[in-house]
Amino acid sequence: MSIKRTLVKEAHGAAAPVDDIWLQGWVRTRRDAKTFSFVELNDGSCLKGMQVIVNSSLPGYADLMRRAATGSAISARGRLVASQGAGQKWEVIATEFAVIGEAGADYPLQKKGCSLEFLREIAHLRPRTNLFGAVFRIRSRLAYAIHQFFQERGFHYVHTPIITASDCEGAGEMFGVSTLDPAKPPRNPDGSVDYSKDFFGRKTSLTVSGQLEGETFACALSNIYTFGPTFRAENSNTSRHAAEFWMVEPEAAFLELEGDMQLAEDFVKHLVRDACEHCAEDLEFLGKFVDKGLRERLEFVMERPFQRCSYTQAVEILASSGHAWEHPVAWGDNLQSEHERFLAEEHFKCPVTVHDYPRALKPFYMKVNAPDAAGRETVRAMDVLVPGIGEIIGGSQREERLDVLLENMARQGLKEADYRWYADLRRHGTVPHAGFGLGFERLLMFVTGVGNIRDVIPYARTPGNAAF
Ligand code: 4AD
Ligand code: MG
């Protein structure tokens, strides 16, 4: 008789006993009693495994149990019955049991409580731990929730290119893409590399952001979002920076800064709420073993409005805080991580959106405000800062006036010819528009309580590290 495999998650959800059920997965633990063994089968469909009871009367019992060591792939068919033991509703009494693939004696996940650093060295096996199973199920669910949030609000998903000739953030922190021989590239008379001979006939890189291309679609489809990998060659070896990370970037025509900040707040709340609703078991685990205050923090975020404060107010708060800063702040300086965290964690004790930053600190595409009473120039930028992490979202209203945009480009040394298509949006039917970028891994750190970006992305790319 043919029978379909059941996932452990479905089996745990059974309303009544099942006469014949078939599970496949990996052995997490095994305990041998006199006349039977308990085998915990985990298939990654949920945090919990299924306890399988293998009686010693089963043919080949001794050999099977010798081979069904921790880490081995197994198949168990039998009866799903109410469990006698505490801690689970159901268990399986095996009528058939097979070892599909044995784990070697050197299987590294024998004991619980391996350090996160050690697990990074075996990143190909760490998804088999409770912690990484939980994190990556949440990652998957939230990727879905991102699409759901925007699709339900009439935003269209645009696949912006990964290879680009423009530097959106203007920070010059890009990974080049080239097929030229690095040992002997063609050269211009002045000795510089002649990229006109390169694959694309020009200098190209991996994108730092899909925003510029996203804007072109927002100025046609009104509301769009991108969600994909982005790359930054910044040499920041911190727990919050990765060289390859995923960014979600909505962009909306006829939207101004105010609406953009509201969209960002609604979006973050939607994702937190979705995780609490759909990943409760995994979050409970993370709340126990990773971050005791997790659930409380997430509830807090869902319930309260985010605080808002201008950059100028933020600088005043920081300067009058009496705090001994490693980097003292004056108007015009970048806010450092210590400042961002102080604002969210100690001053507001809540997510806070800081807006209207100094013009000189920000990229060319941001909308310029009229100078303030003191003659200081700001742009319609906004960053969402959250406790424990700092910035998770950066966005702005875009400069829709051609003359101001061109002036910004000139100030930042950008060649008009390189951004002609972008400036064209301001020549043909220009509109106020705005958007933002959410760092998906930063959001995941916030939702899971995991403290290092390397542990919320399957294979981290950071300075000096691209293993796997
Ligand atoms: O603030 P950023 O640089 O903004 C942009 O790229 C805009 N073009 C977005 C837009 O308006 N469409 O980056 C956005 C977010 C940051 O707030 C942060 O969460 C994340 O991307 N981020 C990183 N995450 C991990 N590692 C890095 N190196 C990151 N750099 C930025
Ligand atoms: Mg930023």
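What you see is a predicted model; the values in this text were computed from it and never measured. (Residues numbered from 1 in each chain as written. Chains lettered and ligands numbered in written order. Predicted model: local features only at pLDDT ≥ 70, side-chain atom pairs only at ≥ 80, totals over all residues. Heavy atoms only, no water.)

**A word on the overall build of the protein**
A tally of helices and strands in the protein yields 13 helices and 16 strands. Dimensions of the protein, computed from the C-alpha atoms along their principal axes, are close to 85 × 55 × 45 Å. Contacts in the protein between residues at least 24 apart in sequence constitute 68% of all its contacts with a sequence separation of at least 6. Here the protein displays about 22000 Å² of accessible surface, and carbon together with sulfur accounts for 52% of that area. (Helix = DSSP H or I, 4+ residues; strand = E, 2+ residues; numbered from the N terminus. Contact = heavy atoms within 4.5 Å. Areas by Shrake-Rupley, 256 points an atom, 1.4 Å probe, with all protein chains shown as cover.)

**Thoughts on the site of ligand 1**
Taken together, 25 residues lie around ligand 1, and E169, Q211, R232, E249 and E391 are the ones closest in. The contact in question runs from an oxygen atom of ligand 1 to an N or O atom on the side chain of R232, over 2.7 Å. In the model, an oxygen atom of ligand 1 is placed 3.3 Å from a nitrogen or oxygen of the G394 main chain. Protein coverage of the free-state accessible area of ligand 1, which is 630 Å², stands at 94%. Elements supplying a minimum of two residues to the shell around ligand 1: β11 (244-253), β15 (390-397) and β16 (433-439). Residues that form the shell around ligand 1 fall into these classes: 9 nonpolar, 8 polar and 8 charged. (Near = heavy atom within 4 Å. Polar contact = N/O pair within 3.5 Å; in protein donor to acceptor, adjacent residues only side chain to side chain. Nonpolar A, V, L, I, M, F, W, Y, C, P; charged D, E, K, R; others polar.)

**Here's the deal with the environment of F38**
Note on placement: F38 falls in strand β2 (residues 36-42). Under the relative-accessibility criterion, F38 is labelled buried at 19%. F38 sits 13 residues away from Q51 along the chain, and the two C-alpha atoms are 6.3 Å apart. Apart from the residues lying within four places of it in its own chain, the contact partners of F38 are T29, R30, R31, Q51, V52 and I53. (Buried < 20%, exposed > 50% of the residue type's maximum accessible area, 1.4 Å probe, protein only.)

**Brief notes about the domain arrangement of the protein**
Here the protein is partitioned into domain 1 (8-101) and domain 2 (128-159 + 226-455). For domain 1 and domain 2, the distance between their C-alpha centroids amounts to 45 Å. Across the contact, 8 residues belong to domain 1 and 7 residues belong to domain 2. Approximately 670 Å² of surface area, both sides summed, lies buried where domain 1 meets domain 2, with 41% of it carried by carbon and sulfur atoms. Per-residue buried area on domain 1 facing domain 2 is highest for W26, R28 and L47; these three make up 70% of the total on that side. (Domains from an automatic or database assignment. Buried area = accessible area lost by both parts, 1.4 Å probe.)

**Focus: the sheet that holds β2**
Taken together, 5 strands build a closed barrel; the order of strands is β1-β2-β3-β5-β4 and the barrel is mixed. When strand polarity is set aside, the average angle formed by the axes of neighbouring strands in this sheet is 55°. Pairing of strand β4 (residues 73-82) with strand β5 (residues 90-101) involves 10 bridges; the strand directions are antiparallel. Within β5, the residue paired with G78 across the bridge is A94. (Pairing = 2+ DSSP bridges. Axes fitted to C-alpha atoms, helices over the stretch in contact; angles between N-to-C directions.)

**Details of the sheet that holds strand β6 (residues 156-157)**
Read across the open sheet, the 8 strands follow the order β6-β10-β11-β16-β15-β14-β13-β12; overall the sheet is mixed. Looking at strand neighbours, the two that pair on one side only are β6 and β12 (307-310), the edges of this open sheet. Pairing geometry for strand β14 (residues 378-386) and β15, over 6 bridges, is antiparallel. Within β15, the residue paired with D383 across the bridge is G394. Helix-sheet contacts for helix α10 (residues 337-347) involve β13 (352-358), β14 and β15, and the interaxial angle to β14 is about 65°. Relative to β16, helix α13 (residues 440-448) is tilted by about 60°, and along the sheet it contacts β10 (223-231), β11, β14, β15 and β16.

**Some details on the environment of N334**
Within the secondary structure layout, N334 lies in the loop between α9 (311-319) and α10. Taking the relative accessible area as the measure of exposure, N334 reaches 42% and is therefore partly exposed. A C-alpha to C-alpha distance of 48 Å links N334 and K9, two positions 325 residues apart in sequence. The residues contacting N334, other than those within four sequence positions of it, are V329, H339 and L361.

**Structural notes on α10**
The set of residues buried in α10 consists of H339, E340, F342, L343 and A344. On its buried face, α10 is in contact with α9, β13, β14 and β15. Once α10 ends, the next one or two residues include K349, with phi positive near 55°.

**A short note on the packing of aromatic side chains**
Here the structure, examined in full by the defined rule, presents 21 aromatic pairs. A ring pair is formed by F149 and F267, whose centres lie 5.1 Å apart and whose planes are at 45°; its orientation type is tilted. With F149 in helix α4 (residues 130-152) and F267 in helix α6 (residues 257-278), this residue pair connects regions lying 118 residues apart in the sequence. You'll find F149 and F267 in the same group, each marked buried. Following the ring pairs from residue to residue traces out a cluster consisting of F149, F150, F155, Y157, Y225, F267 and F436. Positioned above the aromatic ring of Y422, the side-chain terminus of R426 is 4.2 Å from the ring centre. (Phe/Tyr/Trp six-rings, centres within 6.5 Å; stacked < 30°, edge-to-face > 60°. Lys NZ or Arg CZ within 6 Å of the ring centre and 35° of its normal.)

**Considerations on the state of the cysteines**
This structure, assessed with the given rule, holds 0 disulfides. C219 provides the cysteine sulfur closest to C168, a residue in no disulfide bond, and the two sulfurs are 14 Å apart. The buried category is assigned to C168, whose relative accessible area is 3%. (Disulfide = S-S within 2.5 Å.)

**Quick look at the packing of α4 against α6**
When two helices pack together, their arrangement is given by the angle between their axes and by how far apart the axes lie. It is at 10 Å that the axes of α4 and α6 come closest, and there the two elements cross at 135°. By the angle class used here, α4 and α6 are oblique. Crossing geometry of α4 relative to α6 is assigned as right-handed. Mapping the contact onto sequence places R141, L142, A145, I146, Q148, F149 and F150 in α4 and L263, D266, F267, H270, L271, D274, A275 and H278 in α6. (Parallel < 35°, antiparallel > 145°, perpendicular 65-115°, else oblique. Left-handed = near helix turned anticlockwise from the far one by under 90°.)

**Overview of a nonpolar patch on the surface**
Where nonpolar side chains cluster on the molecular surface, the patch consists of I162, I163, F199 and F200 and spans about 380 Å² of accessible area. The residue I163 is located in strand β7 (residues 163-164) in this model. (Patch = residues over 30% accessible without salt bridge, like charges linked within 9 Å, V, L, I, M, F, W, Y side chains within 5 Å. Salt bridge = Lys/Arg side-chain N within 4 Å of Asp/Glu carboxyl O.)

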